[in-house]
Amino acid sequence: MALNTRPRKRWLLRLHLLIRFLGLTGLLAASIGLLAAWLTNLSQPVQGWEFIRRLWDQFVWKTLRGETLTEAPDLVTQVAVWMVLGGGLAALAALLVEGIVIARMVAARRSAFGFNALVQIALAAALLIGVNVYSHFHYYRLDWTQDRQFTLDERTQAELRQLRGKGETVVVVYQMHKTFDRISDKADAIDFAAERKVVEKVYDLVDQLSEFGPQFKVVVLDVEEEGFHDKLNELTKDAQELRSAIDQAVENSIFFYDRSSGKVQTLSFNDFYLVDKSASAERNNLVLLKQGNRAFINKVLNIEEKRPRVGVLVIHEWLTTEGPEEFGLSGLKKALTARGFDVRDVVLKKWSEFAPPEPAVYTYDESKYERLEEELAELDAEIKTLERELQVFTDLVKEWQTKTPQELQTTNLARQLNLRRVDEDIRKAVLKQLLEPRVLIARLSLDQARQAREAVALEKSKLNVEGAAERRRMTDLRAKLNRELAEFDLIIIPRMTLRNVTIGDRIPNRFYRLDDAQVAAIRDYLKSGKPLLACFGPINEPPDRFEPPGPSGPDGVEDLLVQLGLRLPRQTVLFNVESKAFAERRSGLLISGINVEVPPVEFDWQSGPGSYRLREGTTDLKPNPIRESMRIIARSVGKEMDRRGHSEEESDDSDRPAGSRKLDLRLRHPRPVYVDPAKEKGLPFDPIFMMTSPASWNDDNPFPTRERTPRFEPKPDDPARGTPEEKRRGPFPVGVAFETTVPADWYDDKSATPAKVRVAAIGHGGWFVGPELSPGKEKLLLSICNWLLRRSDLLPTDEQRWEYPRVALSPRDRQLWHWGTQLALPGLFAYLGCVVLLVRRMH
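Residues numbered from 1 in each chain as written. Predicted model: local features only at pLDDT ≥ 70, side-chain atom pairs only at ≥ 80, totals over all residues. Heavy atoms only, no water.

**Structural notes on the overall build of the protein chain**
Our working rule: For helices the rule is a DSSP run of H or I covering at least 4 residues; for strands it is a run of E covering at least 2, with both sets numbered from the N terminus onward. For each residue, the accessible area found with a 1.4 Å probe, counting protein chains only, is set against the maximum for its type, and the residue is called buried under 20%, exposed over 50%, and partly exposed in between. With residues, only the protein chains shown are counted as cover, and all accessible areas are computed by Shrake-Rupley using a 1.4 Å probe.
Regarding its fold elements, the protein chain presents 25 helices and 21 strands. A burial count over the protein chain gives 44% of its 843 residues as buried. Total accessible area on the protein chain stands at roughly 47,100 Å², and carbon and sulfur atoms take up 55% of it.

**So, the packing of aromatic side chains**
Selection rule: For Phe, Tyr and Trp, where Trp contributes only its six-membered ring, two rings pair if their centres lie within 6.5 Å, and the inter-plane angle classes them as stacked under 30 degrees, edge-to-face over 60, or tilted in between. By definition, being over a ring means that NZ of Lys or CZ of Arg is both within 6 Å of the ring centre and within 35 degrees of the ring normal.
On inspection of all chains with the given rule, the structure shows seven aromatic pairs. Ring centres 5.0 Å apart and planes at 85 degrees place the aromatic pair phenylalanine 272 and tyrosine 273 in the edge-to-face group. Residue phenylalanine 272 shares its accessibility class with tyrosine 273, and that shared class is buried. Arranged with centres 5.8 Å apart and planes meeting at 85 degrees, the rings of tryptophan 351 and phenylalanine 511 form a pair that is edge-to-face. Taken together, the positions of tryptophan 351 in the loop between β8 (342-350) and β9 (358-363) and phenylalanine 511 in the loop between β12 (505-506) and α18 (516-527) put the pair 160 residues apart, joining distant regions of the chain. Ring pairs connect the aromatic residues Tyr174, Phe228 and Phe255, which therefore count as one cluster. Its end group placed over the ring of phenylalanine 536, arginine 495 keeps NZ or CZ at 4.7 Å from the ring centre. We note lysine 527 situated over the ring of tyrosine 747; from NZ or CZ to the ring centre the distance is 5.3 Å.

**Considerations on the packing of helix α17 (residues 477-485) against α18**
Spelled out, the test is: The axes used here are C-alpha line fits, helices contributing only the stretch in contact, and every angle between their N-to-C directions lies in the interval 0 to 180 degrees. For any pair of crossing helices, the crossing counts as left-handed if the nearer helix is rotated counterclockwise from the farther one by less than a right angle, and right-handed if it is rotated clockwise. Throughout, a contact is declared for two residues whenever any of their heavy atoms are within 4.5 Å. Each residue is assigned to one of three groups, with Ala, Val, Leu, Ile, Met, Phe, Trp, Tyr, Cys and Pro labelled nonpolar, Asp, Glu, Lys and Arg labelled charged, and all others, Gly among them, labelled polar.
One way to put it is that α17 packs onto α18 with a least axis distance of 8 Å and a crossing angle of 35 degrees. Crossing of α17 against α18: the hand is right-handed. Residues Leu477, Arg478, Leu481, Asn482 and Leu485 of α17 form the contact with α18, whose own contacting residues are Ala517, Gln518, Ala520, Ala521, Ile522, Arg523, Asp524 and Tyr525. The residue makeup of the contact of α17 with α18, split by class, is eight nonpolar, two polar and three charged.

**Re the pairing of strand β10 (residues 490-495)**
Selection rule: Here, strands pair whenever DSSP counts at least two bridges between them.
Most of β10 is tucked away: six of the six residues are buried. Residue alternation in β10 divides its side chains into two sets, Leu490, Ile492 and Pro494 and Ile491, Ile493 and Arg495, and both sets are buried. As paired elements, strand β7 (residues 309-314) and β10 share three bridges and run parallel to each other. Counterpart to valine 312 in the pairing with β10 is isoleucine 492. Both β10 and strand β13 (residues 532-536) contribute to a ladder of five bridges, which runs parallel. Bridged to isoleucine 491 within β13 is leucine 532.

**So, the environment of threonine 821**
To be explicit about the condition: We call two N or O atoms a polar contact when they sit within 3.5 Å, provided that within protein one can donate a hydrogen and the other can accept it, with sequence-adjacent residues counted only if both atoms are side-chain atoms.
You can see threonine 821 is positioned in helix α25 (residues 811-842). Within the structure, the side chain of threonine 821 is placed 3.0 Å from the backbone oxygen of tryptophan 817, a separation counted as a polar contact.

**A look at unusual backbone geometry**
The peptide bond linking glycine 730 to proline 731 adopts the cis configuration, its omega dihedral lying at 10 degrees. One non-glycine residue, histidine 669, lies in the positive phi region at around 60 degrees. When you line up the elements, histidine 669 lands in the loop between α22 (660-663) and β16 (674-675). Even without a glycine there, the phi angle at arginine 790 is positive, about 60 degrees. Along the polypeptide, arginine 790 turns up in the loop between α24 (775-788) and β21 (800-803).

**Points about the confidence of the model for the protein chain**
Definition in use: The predictor's confidence in any single residue is recorded as pLDDT, a number from 0 to 100.
Considering every residue of the protein chain, the mean pLDDT works out to 78; 81% of them sit at 70 or more. The low-confidence segment residues 42-48, where pLDDT is below 50, has 16 contacts with residues more than four positions distant or belonging to other chains. Per-residue pLDDT stays below 50 along residues 640-661; that stretch engages in 39 contacts with residues further than four places along the chain or on separate chains.

**Quick look at the sheet that holds strand β19 (residues 733-741)**
Spatially, β9-β8-β7-β10-β13-β20-β19-β17 is the arrangement adopted by the eight strands of the open sheet, whose pairing is mixed. Edge positions in the open sheet fall to β9 and β17 (688-691), since each of these has one partner strand only. Neighbouring strand axes in the sheet, compared pairwise and without regard to direction, differ in orientation by 15 degrees on average. Packing of helix α11 (residues 330-338) onto the sheet brings it into contact with β7, β8 and β10, and relative to β8 it is tilted by some 150 degrees. Each of β10, β13, β17, β19 and β20 (756-762) is contacted by α24, which is oriented at about 165 degrees to β20, the strand it contacts most.

**Some details on α18**
The line we're drawing: For a helix, the expected span equals 1.5 Å multiplied by the number of residues minus one.
For α18, which comprises 12 residues, the first-to-last C-alpha distance of 16 Å matches the rise-based estimate of 16 Å (1.5 Å per residue) to within 8%. The buried count for α18 comes to nine of 12 residues, which makes it a mostly enclosed element. Residues of α18 that are buried: Gln518, Val519, Ala520, Ala521, Ile522, Asp524, Tyr525, Leu526 and Lys527. At the N-terminal end of α18, a side-chain oxygen is found 2.9 Å from the backbone nitrogen of alanine 517, two or three residues along, and the residue is aspartate 515. Count one or two residues on from α18 and you reach glycine 529, which has phi positive near 85 degrees.

So this is what it looks like as structure tokens:
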């Protein structure tokens, strides 16, 4: 059969080429038009298909039908729309022509086989795409790991299924690069590797949660990433709560934000995975301590949960979280607020300039509200005075500008200035040198007073004093304090007493004595089963100092703690290094003895028959959970250098165990704290979580004088032997935490079941004082608060260890692999090459 070799008509080829060219040009024009319309953004930012739908509905369709546009487009938008319309029509026409040409080619007999193959390819492609699309929405996850680490437990799955349809949850991974746990001074390779791995673990866990729960969106915010601020502003433009939480963050954190409710929950990186630097350095591999998924999942499940409320009970405004740096607890508030707590002060005494303090109950905001009201009253009076003064001088200026010189001679001002004659020169001089400057000064003073009043009024409007007027009307002190304490989940009672015995810097303990009604309210709070943190400093007073008449010694609050099982002896712990400061004080060198560096507290001491216990046979108790958490946190620091430049292994300071140097928490002039043996007997763990250095002793008269220098003086016949008052060398417990049962005689109803309450005590009132807390103090504070609030899932644990998957080789195996790759493999291939050469030469 002869082939048809007739050439196609040249004009058809040229027409086909022109149509193809117009189609490509139209496609390009339509793309440029879409891009231009996108950049103009159509008055509101929209995304994806929503943008194209609005472009069609509001411009294209109405333009084709000749309707009036609802939005007046600018010139760029009009040109863009016509480019889209014209280019799209040209592209569609070219596509139609191509379809006709392809149909004619397929209709030919010789193209039947090719068409059949094309159909088969299309069917195979459709099948492949369909199977993949179906499998994307109908898949089954298989977890083949040995411990099923990528599978949530059934209880968690059931809880997450209940959250379906409740909107989107945004998980924000915030990387500040402040070091992984903010204990070390600077980040290192282990910290950065841990950050990267935690971000990966967050994605893995969110992927699991998405199988059962609501829609999740993960956003990573890296402060070192280019465009960080733009990304942050875009994420939080309609989420002020999320922005506030991010601004308050002090370390790498994970935030959970529910768009529907606006609630935010915060989780630290080390509450999810805690890096173990000591083990990482020993194994030459990244080692993380998995804190479990429960803390992460609880934040998702309880995203609308109320923030724990902490009340700080103090006796003076200076001692509140808003007080000055030297006395205030602003660092405590900052640390707790950044971790999801709400902190509020309650002041228990009203101080006046002359009279002794009176028992009271009011918040810092209420006190500030009253003070601001008084300032407003003073400013209002000052403004009225300045307005009258300005009016007087304004009238005088007008008078001296309008009256004749003869009339001015009879005015009061002329008589006060002793002017016998007034002419034009004197008139101008009085106006320029006296009256006009006084008017200017009065006007400036009035403006300043009004601005000050506006500032005070604005500050007053920001205070949260709802119900303050009603509380001020309450005269029942106990009921008033009960009402305040009912709002708190935890109360902290700090009593800062001895600050520096070398120079006699102290706050007398008698100032902290509370009224019986206030003590009764605190007892009612404990009867409800809510926890308490007591930070009580020593109550020793100088024996030669005159004290005003009145009760001294422990007050009712200390008696409550004694009934709960605490023992607070009337002693102060002094350290061996302070002896030099006492000697220098006797010689008159006061300055050199002020800043003595005492040994740090210890969380890792050797168990054994220690004299720090009131009952023998209690050394086999399980470690305190707070102590264990601090020991684990110390491991996240790794090997630290002491002040002499030695590492822990090289340091010859035998008084400081491993880990104490890392956290570097120092407590000067603490008070020993014990637990009653009867209470300690039934405890599931050791109540002691913090000890002093062994290089210390206890003294009931820690104040040095010219005649006496405090030193340890053992007494073989000490009648207090075996009691908390026994004079001995350290170590001494200065931090305890335990759970006990409230005494039954606290209840009026004898059939009532006594509540269980958690109590923690630190033998120092200024432990958390200052504008900033060191990272170690922050970790200790958070561990104590979380344990007291029964949030044990937030305490660090080392039960689950994760290591980067890596083949572990012994030194011998490592040497064999090294020399095997360096010598054995090249030798083997050299041997094979020689064999090949021999075979080729044989042929």
